[in-house]
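Spelled out, the chains give:
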Amino acid sequence: MSRPTKRLRRPARVGPGAALLLGLLHLLGLLAGCEASSPDFENALPASAGTLGTVFTDTLTVRTATVLTDSVASSVSGYLLLGRYHDGRLGTVTARSYLQVAPSGAAVPETEAVFDSVVLVLATDGYRYGDTTRTQHLRVHRLQTDLRGTATYYTADARPYDAATLGDVAFRARKPLPTVRVRLDPSLGRSLFEATQQGALSTTDELLARLPGLVLTPGPSDDAALLRFTVASSVLQLYYHLPWAPDTYGTVDFAVSSGPRHFYQLEADRRSSLLSPLTGMRQALPSARTAEETYIEAGLGLQTKVEFPYLRELQQLGGNLVVNAAVLDAEVTTDSENRFLPPPVALIPRLTDAGNHAGAYFLDSGSNIITASYQRGVSPRTGLERGTYAVPLTNYCAQVLAGSLANHGILLGPGSGDVAERVVLGSGQSTAAPMKLRLYFTRVGL
């Protein structure tokens, strides 16, 4: 990758050593500069004794790649996910959920009680991702194995289940939709009801012997939305009545929240996308192979690696380089934005290494994790509205230049869990949405 060769321009007039600084920059040919115009750098830098020059550049080489990282633990979540949608950039995304229920703590129904029906009640929250105007399906299957043998399940995990459905329902995920109710096979409900009357479902082992668990799947041809269910408010209910009061019903509730295990699975079929070569864990796919785009997708392990290969060569300027501010401008490609697939509200940068492992987070002075929020504004480059993330990297650049941190770059990932949000960013070589590192530094102590 070639180095920039244009001359640096300084935003402010400095002392008599300025000519020497410009001569050094011209000879080294490391950078090309421009006038500082971003509000992130609007505060004037104080002059100090020994200052030789203050410089702004946004043309350091930025190298990007999409990395497939580890999947996310979902069995520790308080949510279940369900749905299926097709994304022209990232392929088809499918969400399934696996759950077990707990024995009911209610009183045993009278022996004369008559079973009516069994219904799985799934409480939704406000999260939707995809096209909620389309009809989609929820199908319920019987789980074939007990989930208790594994301590933690991840979004990449799956367990076998019966192909036959116990029940299904068609719906649209438009708000408000407080619950999705699925009436299940009466033979399952009758078996559980009779065992409850006989006192044979008082323990978890007894219940799971009759019903190892349930699996929630979307319809195989659905192309709609993902929605999220709250475990705490979801329940399997047996309805019954007494012969002398046919219009009054009772219920036996088996809570999902008290069940031994639950988790959700996220699966992406990228065979028809530019990401089809990305199959190995921590593999990096350079943006040159993905149309100078780079991708981030929550829950499915896609993150963006950003490297600054020539950052340390600034040391050849001599003296002591003080980084005053550094911000990575990551711009969303305009043609990838979709009102049904909004970008993450925030991205989180973290350290990485040559093997693309996820390292430490960046912390502010209050020990809070540094994030970059999604913002919309008018591009000074094109005059058009666009979405961007401004990632603070002052400490990273300062430590790399000081030699106290290896220059392996950073990983950019989603800022929230239990979602499947995605964003498409332009690479450092993109002409439509170029990713740039804005660096403001001072050279002192010549």
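Everything numeric in this text was worked out from a predicted model, so none of it was measured. (Residues numbered from 1 in each chain as written. Predicted model: local features only at pLDDT ≥ 70, side-chain atom pairs only at ≥ 80, totals over all residues. Heavy atoms only, no water.)

Chemist: Looking at this model, I keep getting lost on helix 2 (residues 186–197). Mind explaining?
Modeler: In an α-helix, one turn spans 3.6 residues, which is why side chains three or four residues apart end up on the same side. With 12 residues, helix 2 ought to run about 16 Å at 1.5 Å a step, and its terminal C-alpha atoms sit 16 Å apart, in line with that. Taken together, the buried positions of helix 2 are occupied by Leu 188, Gly 189, Leu 192, Phe 193, Ala 195 and Thr 196. The buried side chains of helix 2 occupy one side of the element, clustering within an arc of 165° when seen end-on. On its buried face, helix 2 is in contact with strand 5 (114–130), strand 6 (135–143), strand 7 (161–172), helix 3 (204–210), strand 10 (225–242) and strand 11 (245–255). Taken from the residues just after helix 2, Gly 199 is the one with a positive phi, measuring 75°. (Helix = DSSP H or I, 4+ residues; strand = E, 2+ residues; numbered from the N terminus. Expected span 1.5 Å × (residues − 1). Buried < 20%, exposed > 50% of the residue type's maximum accessible area, 1.4 Å probe, protein only. Arc of directions from axis to C-beta. Contact = heavy atoms within 4.5 Å.)

Chemist: Looking at this model, I keep getting lost on the pattern of salt bridges. Mind explaining?
Modeler: Counted by the stated rule, this structure contains 17 salt bridges. Note that Glu 267 is salt-bridged to Arg 96, the shortest N-O span being 3.3 Å. Residue Glu 267 is found in strand 12 (residues 262–269), and its partner Arg 96 is found in strand 4 (residues 91–99); the two are separated by 171 residues along the sequence. We classify Arg 96 as buried; its relative accessible area is 16%. Between Asp 223 and Arg 134 there is a salt bridge, with its nearest N and O atoms 3.2 Å apart. With Asp 223 in the loop between strand 9 (214–217) and strand 10 and Arg 134 in the loop between strand 5 and strand 6, this pair connects stretches of sequence that are 89 residues apart. Judged by its relative accessible area of 39%, Arg 134 is partly exposed. One salt-bridge network, held together by shared partners, links Arg 89, Glu 293 and Asp 335. (Salt bridge = Lys/Arg side-chain N within 4 Å of Asp/Glu carboxyl O.)

So far we have only geometry, and geometry alone does not tell us how the molecule works.
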